[in-house]
Amino acid sequence: MAVKEKDPEITEDDLPSRRSCGTSEVNERLMRTVEGYAEARAEIENRTARVLDAGVALRTGCTQIPVVVHVVYRNAAENVSQAQIDSQIAVLNADFRATNADKSSTPPVFQPLIGDARITFKLATTDPSGNPTDGITRTSTTTTPFTSSTDNVKSAATGGADPWPSDKYLNLWVCGNLRSGTGQSLLGYAQFPGGPAATDGVVLVHTGFGNTGTAASPYDLGRSATHEIGHWLNLRHIWGDDGNGCSGSDFVADTPNQAGPNYGAPAFPHPSCSNGPDGDLFMNYMDYTDDRAMFMFTGGQVDRMQAALDGPRSSIGVSGPCIGKPVKEFVKDLPKDHPKDIIKENPKDFIKDNPKDFIKDQPKDFIKDLPKDGIKDLPKDGFKEKPKDLVKDRPKDLIKDNPKEFAKDIVKDRPKDGIKEKPKDLVKDRPKDLGKDFVDDIPKQLRDPVKELGGEIGPIDPGPLGDPPYTGPFGGQLGGQFGGGATPFVIGTGRDVPEETPAGGGMSSLMGIAQQLGGILADYSSAAASGQLTAADVARWQQLAGVYAQVIALLG
């Protein structure tokens, strides 16, 4: 790769000698000065831990986040071009969907860790007043420097630009001469979830922004924004911000412990903290290496970012089916040999009406252990045409016994062993025909359908979660480690019911709805991965996903 020559006019003011990030400093400042921030951060981390321990997520598919870029400039060089801004958005979309070409440089031993974050970015098309916009603001200023200790780039009153509502947009400020509180030159900094709305977002120096224009080597591939947005989605530095002590943690299980930040472009392996023979995961976006040396998130980091989107960042972005190779391939990574009794009780005609290519990409031996007569009644053209009323005949009395005040008996603290006795045949009594008219029978308090195709599933806080992943009708367990965190959805059951709650009570009825909705969504997700859904199917999928999220919220 040709190295871009450094502009002789670029000084240490605009280009640090090595990667530097002010996020930790900002976090410490907010801890000291903003009332309630420490408590908010603690609650976010506790909730994240519960979600990760349970292995659940509520957002389905992929999330597209609207971005507003505030260009704050003192001269023509700092007034970055549309092309430079577009290049940064393109880099973010590749990095967060794991479609970046240089991920192939990941050492083979670490390649199974690569995760598709299922997040994309797009310049906002509507401003806070509802007017059309190109997603860019430009502000001429005489202020210098901009510092992470004052956040002065984030306010018009201090020579910067005011943010757009941070619950609807990712605010991204680009400026020159960016420094820490101690005067160190910075590439950028971010604010973790839980901080003040007036300063929420990401700040980048223009020489570390995008991969064209004023972007300068070794920070000319747009990875500074990837790193800082990782922080904005609640990722920590990979070494745990403890200096070189080997005792810090980034709260991610699949990132090796390492002594401290790595700089430049280390050679593999680069061991520290007794993490040999493979050593540090220095090619991770959350380390401090040069742009050309960082090119992956892990599945564990993806799970943590998704937990942020389900929790403190739940109001932002639009959720919809994923489009692109990483998620399409997730079916191929399912375990080949599923327990024989997982689907043995399914009705024989359960998959009669599935789309033509519903399971065309499954491994050849995917169903080798199924009972020989498991699909004997499947018609030859069983996948030829998907009827619109996929689940039309769902029993209307599914939830008639659900007490209106079932939530009053919910226990707040779910015991760790509460799911040990979960029946193996989770979906064996699932009705044959689930689908279109299901939402007609949902009580009004459960109805919150998405108003338009691709619309977002609103903010949801499920509270403590804890059931194992849903096992789909074909034995495919959704969740776990396949696909680097590319799970389209899984079921969380919320808190336990007290022991005296009679079997078949309101909680179990609502849990049945959740399980059956989970199965429906599994079918839609698989069909979407094969490209077999019509626009009407996708709209119905999104509507059911909204109902599912409401059920899970009530269970929580």
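It should be noted that the structure appears before, not after, this text.
Note that the structure is predicted; figures quoted are calculated from it, not measured.

Asks: How do you make sense of the overall build of the chain when you look at a structure like this?
Replies: Across its full length, the chain carries eight helices and nine strands. Put simply, the chain has 556 residues, and 55% of those count as buried. Roughly 23,900 Å² of accessible area belongs to the chain as shown, and the carbon and sulfur atoms make up 50% of that amount.

Asks: Can you help me understand the packing of aromatic side chains in this one?
Replies: We describe a pair of aromatic rings using the distance from one ring centre to the other and the angle between the two ring planes. Tallied over the full model, the rule gives seven aromatic pairs. With 5.9 Å between their ring centres and 75° between their planes, Phe110 and Phe268 make a pair best called edge-to-face. Here Phe110, found in the loop between helix H3 (82-96) and strand E2 (119-123), pairs with Phe268, found in the loop between helix H4 (223-232) and helix H5 (299-310); they are 158 residues apart in sequence, far enough to count as distant. Take Phe110: its relative accessible area is 5%, and that puts it in the buried class. Through a chain of ring-to-ring contacts, three or more aromatic side chains come together here, namely Phe96, Phe121, Tyr285 and Phe297. In this arrangement the basic side chain of Arg18 is found over the ring face of Tyr263, its NZ or CZ atom lying 3.9 Å from the centre.

Asks: Please explain H5 as it appears in this structure.
Replies: Structurally, the α-helix is built with 3.6 residues per turn, so residues lying three or four positions apart point the same way. The terminal C-alpha atoms of H5 lie 16 Å apart, and with twelve residues this matches the ideal 16 Å at 1.5 Å per residue to within 8%. For H5, the buried fraction is high: eleven of the twelve residues fall into the buried class. Those residues of H5 that sit buried are Gly299, Gly300, Gln301, Val302, Arg304, Met305, Gln306, Ala307, Ala308, Leu309 and Asp310. Those residues of H5 that are buried are in contact with helix H2 (37-54), strand E1 (62-73), H3 and E2.

Asks: Help me out: how do you make sense of the nonpolar core in this one?
Replies: Considering soluble globular proteins, one finds that nonpolar side chains tend to be buried as a cluster. By size, the foremost hydrophobic cluster in this structure holds 46 residues, and its most contacted members are Phe96, Ile119, Phe121, Ile229 and Met305. Secondary-structure elements contributing two or more residues to this core are E1, H3, E2, strand E5 (170-175), strand E8 (202-205), H4 and H5. When sequence neighbours within four positions are dropped, the list of residues in contact with Ile119 reads Thr63, Ile65, Phe96, Arg97, Leu233, Met305, Gln306 and Leu309.

Asks: Even after reading the chapter, I still don't get unusual backbone geometry, so can you show me in this structure?
Replies: With omega at -5°, the peptide bond leading from Thr144 into Pro145 counts as cis. Within the secondary structure layout, Pro145 lies in the loop between strand E3 (136-140) and strand E4 (146-147). Each neighbour pair has its own omega, and for Gly276 with Pro277 the value is 5°, a cis peptide bond. Positive phi, normally seen in glycine, also occurs at Arg118, with a value near 60°.

Asks: So what exactly am I meant to see when it comes to the environment of Ala293 here?
Replies: The residue Ala293 is located in the loop between H4 and H5 in this model. Sequence-wise, Ala293 and Arg223 are 70 residues apart; in three dimensions their C-alpha atoms are separated by 9.7 Å. Not counting the four nearest positions on each side in its chain, Ala293 is found in contact with Gly264, Ala265, Phe282 and Met283.

Asks: It is not clear to me how the state of the cysteines should be interpreted in this structure. Could you clarify?
Replies: Disulfide: a covalent bond formed between the sulfur atoms of two cysteine residues. As enumerated under the stated definition, the model contains two disulfides in all. One disulfide bridge connects Cys62 with Cys322, the sulfur atoms lying 1.9 Å from each other. An S-S torsion of about 105° defines the bridge between Cys62 and Cys322 as right-handed. You can see Cys62 sitting in strand E1 and its partner Cys322 sitting in the loop between strand E9 (318-320) and helix H6 (325-328), a full 260 residues away along the chain. A relative accessible area of 16% means that Cys322 is categorised as buried. Cysteine pairing for the chain (bonded cysteines numbered in sequence order): 1-4, 2-3.

Asks: Got a minute to help me understand the pattern of salt bridges in this structure?
Replies: A pair can form between side chains of opposite charge whenever their charged atoms are brought close. Applying the stated rule across the entire model yields twelve salt bridges. A salt bridge links Glu45 to Arg236, with the nearest nitrogen and oxygen atoms 4.0 Å apart. Residue Glu45 is located in helix H2, and its partner Arg236 is located in the loop between H4 and H5; the two are separated by 191 residues in the primary sequence. Both residues of the pair, Glu45 and Arg236, count as buried. Salt bridges linked by common partners bring Arg41, Glu45, Arg236 and Arg304 together as one network.

Asks: Which parts of the structure should I look at to understand the side chain of Gln306?
Replies: Within the secondary structure layout, Gln306 lies in helix H5. At 2.9 Å, the side chain of Gln306 forms a polar contact with the backbone oxygen of Ala117. In this structure Gln306 touches Arg59, Ala117, Arg118 and Ile119, once residues within four positions along its chain are discounted.

Asks: Just checking my understanding: could you explain the packing of H3 against H4 for this structure?
Replies: Geometrically, a packed helix pair is captured by the angle between its two axes and the distance between the axes. For the pair H3 and H4, interaxial distance at closest approach is 9 Å and the crossing angle is 60°. On the basis of their axis angle, the class for H3 and H4 is oblique. Crossing of H3 over H4 shows right-handed handedness. Contacts between H3 and H4 pair Gln88, Val91, Leu92, Asp95 and Phe96 from the former with Arg223, Ala225, Thr226, Ile229 and Gly230 from the latter. A class-by-class count of the residues in the contact of H3 with H4 yields five nonpolar, three polar and two charged.

Asks: Which parts of the structure should I look at to understand the environment of Ile520?
Replies: With respect to the helices, strands and loops of the structure, Ile520 is situated in helix H7 (residues 506-529). Ile520 gets classed as buried once you look at its relative accessible area, which sits at 0%. Sequence separation between Ile520 and Ala545 is 25 residues; the distance between their C-alpha atoms is 9.4 Å.

Definitions and limits used
Residues numbered from 1 in each chain as written. Predicted model: local features only at pLDDT ≥ 70, side-chain atom pairs only at ≥ 80, totals over all residues. Heavy atoms only, no water. Helix = DSSP H or I, 4+ residues; strand = E, 2+ residues; numbered from the N terminus. Buried < 20%, exposed > 50% of the residue type's maximum accessible area, 1.4 Å probe, protein only. Areas by Shrake-Rupley, 256 points an atom, 1.4 Å probe, with all protein chains shown as cover. Phe/Tyr/Trp six-rings, centres within 6.5 Å; stacked < 30°, edge-to-face > 60°. Lys NZ or Arg CZ within 6 Å of the ring centre and 35° of its normal. Expected span 1.5 Å × (residues − 1). Contact = heavy atoms within 4.5 Å. Core = buried A, V, L, I, M, F, W, Y, C linked by side-chain atoms within 4.5 Å. Disulfide = S-S within 2.5 Å. Salt bridge = Lys/Arg side-chain N within 4 Å of Asp/Glu carboxyl O. Polar contact = N/O pair within 3.5 Å; in protein donor to acceptor, adjacent residues only side chain to side chain. Axes fitted to C-alpha atoms, helices over the stretch in contact; angles between N-to-C directions. Parallel < 35°, antiparallel > 145°, perpendicular 65-115°, else oblique. Left-handed = near helix turned anticlockwise from the far one by under 90°. Nonpolar A, V, L, I, M, F, W, Y, C, P; charged D, E, K, R; others polar.

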